[in-house]
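Survey of secondary and tertiary structure
Given next are the chains, with one letter for each unit.
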Amino acid sequence: MVKELHSQGRTVKDIAECLKGVPLHQRTAAAIKSAHALGCDLKVVSDANKFYIETILKHHGLYDCFSEIITNPTLVDEHGRLQIFPYNDLASPHGCHLCPSNMCKGIVIKRIQTSIGPRREAKFIYLGDGNGDFCPILKLGKGDHALPRKDYPLWELIRSNQEFVEAEVHEWCNGEELEQILLALIDRISGEDIKKAPVDEIR
């Protein structure tokens, strides 16, 4: 698609300007900023690409809210053309039948979980809507939370395979619902962590 755009004379700047016009619900942006301010470690795990995501996040003033963006890498070559590469080396298949060949989000989530190590008591809140978000949902455990967008592919997959999902599921329809659910979960999780902490830590 990007090659076709460049063949029509579109530049990287043209693509960036188009991306800046992508609508983002104001309550979704507010939820991201609030979660970051409350100390949540926010990460993007996406089958889009680095250039698209960074352009949109920077335009909306959200880029610094995320500690990591895990997606398909990009570069602008010497001719000023945007190139997109697969996150996963196609010569070394990841072996997951649930995910596209270029990225298994489940493997990414397992890596993040492993990196936490002994702090696995940390809770995961996973927001998604596509087919590729089902695999990482299956990697979540009890105490974690899955937030599928209602009437989208991920929501349908969870409904059809509830017996395989251990995380607590919270559906949402729009930015306002997402903000309410997300902030309520953060508040609830924070309260649970305080109850579990030793008295000297609470002080």
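Conventions and cut-offs
- Residues numbered from 1 in each chain as written.
- Predicted model: local features only at pLDDT ≥ 70, side-chain atom pairs only at ≥ 80, totals over all residues.
- Heavy atoms only, no water.
- Phe/Tyr/Trp six-rings, centres within 6.5 Å; stacked < 30°, edge-to-face > 60°.
- Lys NZ or Arg CZ within 6 Å of the ring centre and 35° of its normal.
- Helix = DSSP H or I, 4+ residues; strand = E, 2+ residues; numbered from the N terminus.
- 1 Å grid on protein atoms, 1.4 Å probe; cavity = no way out; pocket = protein on both sides within 12 Å on 5 of 7 lines; lining within 4 Å.
- Points joined across faces, edges and corners; volume = space filled by probe spheres on them.
- Nonpolar A, V, L, I, M, F, W, Y, C, P; charged D, E, K, R; others polar.
- Domains from an automatic or database assignment.
- Contact = heavy atoms within 4.5 Å.
- Buried area = accessible area lost by both parts, 1.4 Å probe.
- Salt bridge = Lys/Arg side-chain N within 4 Å of Asp/Glu carboxyl O.
- Polar contact = N/O pair within 3.5 Å; in protein donor to acceptor, adjacent residues only side chain to side chain.

1. Quick notes on the packing of aromatic side chains
Within this structure, the stated rule accounts for 1 aromatic pair. Against the face of Tyr63 rests Lys58, its NZ or CZ located 4.9 Å from the ring centre.

2. Overview of unusual backbone geometry
Of note in the backbone geometry, Asp151 takes a positive phi value of approximately 70 degrees without being a glycine. Relative to the assigned elements, Asp151 resides in the loop between strand S6 (145-148) and helix H7 (153-160).

3. Some thoughts on the layout of surface pockets
When its volume is computed, the second largest pocket comes out at roughly 240 Å³. Along its surface, the second largest pocket is lined by Met1, Val2, Lys3, His6, Asp77, Arg81, Leu82, Gln83, Ile84 and Phe85. Secondary-structure elements contributing two or more residues to the lining of the second largest pocket are helix H1 (2-7) and strand S4 (82-84). Across the lining of the second largest pocket, the residue classes break down as 5 nonpolar, 2 polar and 3 charged.

4. Quick look at the domain arrangement of the chain
Accessible area lost when the parts come together is the quantity often used to give the size of an interface. Domain assignment breaks the chain into domain 1 (1-23 + 44-85) and domain 2 (91-197). Counting from both sides, the interface comprises 7 residues of domain 1 and, opposite them, 7 residues of domain 2. Taking both sides of the interface into account, the surface hidden between domain 1 and domain 2 amounts to around 590 Å²; carbon and sulfur atoms contribute 59%. Considering only the surface of domain 1 that becomes buried against domain 2, Val45, Asp47 and Ile70 emerge as the three largest contributors, covering 73% of it. Taken together, the connections running from domain 1 to domain 2 amount to 1 salt bridge. Glu68 is the salt-bridge partner of Arg111, the closest N and O atoms lying 3.3 Å from each other. Counting the contacts that link domain 1 with domain 2 gives 3 residue pairs in polar contact (both at pLDDT 80 or more). Put simply, the parts of the chain that give the side of domain 1 that touches domain 2 at least two residues each are strand S1 (42-49) and strand S2 (66-72). No other element matches the 4 residues that S2 contributes to the side of domain 1 that touches domain 2.

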